[in-house]
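# Structure assessment
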Amino acid sequence: MKYFFKYFIYNSQTNRLKSSFIYPLLTIIVGSFVIMLSFSIMEGFSKEIKETINFFDKERSLTINKKIFLNNSYTNKIDSLIKYLKRKGNFYNAYEERFMFINSNNNQISCKVYGIKDFNNFNPKNFLIDNNYLIKDDSQYCFVGYNQFFNSNIDKFNVVNLNAILDFKNLNSYPKKKYIIKGIIKTNIPKYDNSIFINYDSLLFNKNVFLKINLNHPLTINSLTDLNEKFGEGILYHNNTEFSELFYAINFEKMFYGFVGLSIILISSLMILGFNIISITENSSKIGMLNALGLSSKRISLYYVFYGLLISFSGFLISLLCFFIIFYFDKNFNIMHYIFNPEVYFNFKLNINYEVLINVFLLNTVLIILSCLYPIHKMSKLDIIDSISNRV
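Rules of the game
- Residues numbered from 1 in each chain as written.
- Predicted model: local features only at pLDDT ≥ 70, side-chain atom pairs only at ≥ 80, totals over all residues.
- Heavy atoms only, no water.
- Helix = DSSP H or I, 4+ residues; strand = E, 2+ residues; numbered from the N terminus.
- Buried < 20%, exposed > 50% of the residue type's maximum accessible area, 1.4 Å probe, protein only.
- Contact = heavy atoms within 4.5 Å.
- Patch = residues over 30% accessible without salt bridge, like charges linked within 9 Å, V, L, I, M, F, W, Y side chains within 5 Å.
- Areas by Shrake-Rupley, 256 points an atom, 1.4 Å probe, with all protein chains shown as cover.
- Salt bridge = Lys/Arg side-chain N within 4 Å of Asp/Glu carboxyl O.
- Lys, Arg positive; Asp, Glu negative; His and termini not counted.
- Charge placed at Lys NZ, Arg CZ, Asp CG, Glu CD.
- pLDDT = per-residue confidence, 0-100.
- Pairing = 2+ DSSP bridges.
- 1 Å grid on protein atoms, 1.4 Å probe; cavity = no way out; pocket = protein on both sides within 12 Å on 5 of 7 lines; lining within 4 Å.
- Points joined across faces, edges and corners; volume = space filled by probe spheres on them.
- Nonpolar A, V, L, I, M, F, W, Y, C, P; charged D, E, K, R; others polar.
- Core = buried A, V, L, I, M, F, W, Y, C linked by side-chain atoms within 4.5 Å.
- Phe/Tyr/Trp six-rings, centres within 6.5 Å; stacked < 30°, edge-to-face > 60°.

## Brief notes about the side chain of Ser319
Its location among the elements puts Ser319 in helix 10 (residues 297–333). Ser319 sits in the buried class, given a relative accessible area of 0%. Leaving out residues up to four positions away in the same chain, Ser319 has contacts with Ile29, Ser32, Phe33 and Met36.

Set out below in structure tokens:
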């Protein structure tokens, strides 16, 4: 062990650690830390986005074409469909959306309005900028997106008038209703922050064609067939959300940062490969002497493997320690808020993915072992006499 320390790690002439040990170690620390931290940031970010979107919209949904679905049918057919899905435990929410004209405090704007069925179960308390409710639940109230609140000079407890233009040939007669603003919703997702949420009103949404029903879990082919047989045509099943491209982009960014970290680790393995070849070439006489004294080439080869694994394990553990220090400070002091302003970005925390940690460890180990194979092969070909004579 003493020989190993002097030969591979410590330079007795300069009284310092060898550069052949320090440089690969530092690159593994940096590469592993980059992968861990970047994946942790993107995991926390994507988790927060997904939880926010899943409050309003699920990945699986049904779109009901009411013109086809209700063709010559009883008017409560949609309610029957919702009750059927509830019995199956597969109903999350249902809504229709429509652009309407808004009048409040002499401000006139237009925005998208969501008419939500079972509005009493719509409770966006995690997204409200103020959770204090002063309105009775039986009042005719609405929730307003943060962008509408910010741009339109409207606030909680103001009254808004919603006007639905159903027929542009008759602008003198159109349904309108008054609502009291119960809360301001802030999600940092424009689709929701630009909108208003109300209880579904059949008069305001009279000319709407499509109804969206969000599902708790996927439908099998048999379940979808049973649904069509029971309720007829006009039902379209969706297996992903309109935000799928966003999540693809997040996954692509994860891959990019993973590739950066992999490149840094690969540089470390190439460093070890180069240092080992140089070490064998420069110390061939010493290796030959050790062979002559009875130390087998196999054992010397194990020294080189152990040297590589020592760098790999040490680098991984140091990077893991640095990562957990950052994770601790983020958990207790929200340091991500200083890097990513929650007023601009999502308010998220680092998220540990243990599968990523295991993969980083395995990646380090495999690359380092591979970098040791050629030097070991080269050393196995050394001739004892030529090595002692330093003729390699």
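Now that the structure has been shown, we can carry on.
## Comments concerning a positive patch on the surface
A surface patch of like charges, here positive, comprises Lys83, Arg87, Lys88 and Lys230. In this structure, Lys230 sits in helix 7 (residues 221–231).

## A short note on the confidence of the model for the protein chain
Detailed conclusions should not be drawn from predicted coordinates in areas where pLDDT is low. Per-residue confidence for the protein chain averages 82 on the pLDDT scale, and 82% of its residues sit at or above 70. Confidence, read as mean pLDDT per element, is least for helix 13 (residues 384–388) in the protein chain (54) and greatest for strand 10 (residues 210–214) (95).

## Focus on a nonpolar patch on the surface
A surface patch of nonpolar side chains, amounting to about 510 Å² of accessible area, comprises Leu321, Ile325, Tyr328, Phe329 and Phe333. With respect to the secondary-structure elements, Leu321 resides in helix 10.

## A word on the pattern of salt bridges
It is possible for side chains bearing opposite charge to pair when their charged atoms get close. Applying the stated criterion across every chain, the model contains 7 salt bridges. Lys86 is the partner of Asp118 in a salt bridge, and the nearest nitrogen-oxygen pair spans 2.8 Å. Placement of Asp118 in the loop between strand 5 (107–116) and strand 6 (141–145) and of Lys86 in helix 4 (residues 77–87) is noted, with a sequence separation of 32 residues between them. Residue Asp118 is classed as partly exposed on the basis of its relative accessible area of 34%. For Lys86, a relative accessible area of 42% corresponds to the partly exposed category.

## Re the pairing of strand 5
The pairing of strand 4 (residues 93–104) with strand 5 spans 10 bridges and is antiparallel. The residue of strand 5 that forms the bridge with Met100 is Cys111. Hairpin geometry of strand 4 and strand 5 is characterised by an intervening segment of 2 residues between the two adjacent antiparallel strands and by a positive phi of about 55° at Asn105. The pairing of strand 5 with strand 9 (residues 195–199) spans 5 bridges and is parallel. Bridged to Lys112 within strand 9 is Ser195.

## Re the environment of Phe150
The residue Phe150 is located in helix 5 (residues 146–152) in this model. Judged by relative accessible area, which is 58%, Phe150 ranks as exposed. For the pair Phe150 and Asn194, spaced 44 residues apart in the sequence, the C-alpha separation amounts to 9.9 Å.

## A short note on empty space enclosed by the protein
This model, assessed by the stated rule, comprises 2 cavities of 30 Å³ or more. Each pocket or cavity is described by its volume, and for the largest cavity that value is around 60 Å³. Lining the largest cavity, in full, are Phe56, Asp57, Asn93, Tyr95, Tyr114, Ile116, Phe122, Tyr192 and Phe197. For the lining of the largest cavity, the secondary-structure elements that each account for two or more residues are strand 4 and strand 5. Lining the second largest cavity are Met36, Phe39, Ser40, Phe323, Asn351, Ile352, Asn353, Val356 and Leu357. By residue number, the principal contributor to the lining of the second largest cavity is helix 2 (residues 19–56), which donates 3 residues. Taken together, the residues of the lining of the second largest cavity break down into 6 nonpolar, 3 polar and no charged.

## Thoughts on the nonpolar core
Core analysis: the biggest nonpolar cluster contains 40 residues, and Phe56, Phe122, Phe143, Ile185, Tyr192 and Phe197 have the highest contact counts within it. Those elements that provide at least two residues to this core are helix 2, strand 5, strand 6, helix 8 (244–282), helix 10 and helix 12 (354–380). With 11 residues, helix 2 is the single largest residue contributor to this core. Sequence-distant contacts of Phe56, defined by excluding residues within four places in its chain, comprise Asn93, Tyr95, Phe122, Phe127, Ile185, Thr187, Tyr192, Phe197 and Asn214.

## Remarks on the packing of aromatic side chains
The final tally for this structure, using the stated rule, is 26 aromatic pairs. For the ring pair Tyr114 and Phe197, a centre distance of 5.1 Å and an interplane angle of 10° mean the geometry is stacked. Highlighted residues: Tyr114 in strand 5 and Phe197 in strand 9, separated in sequence by 83 residues. In this pair, the class of Tyr114 matches that of Phe197, namely buried.

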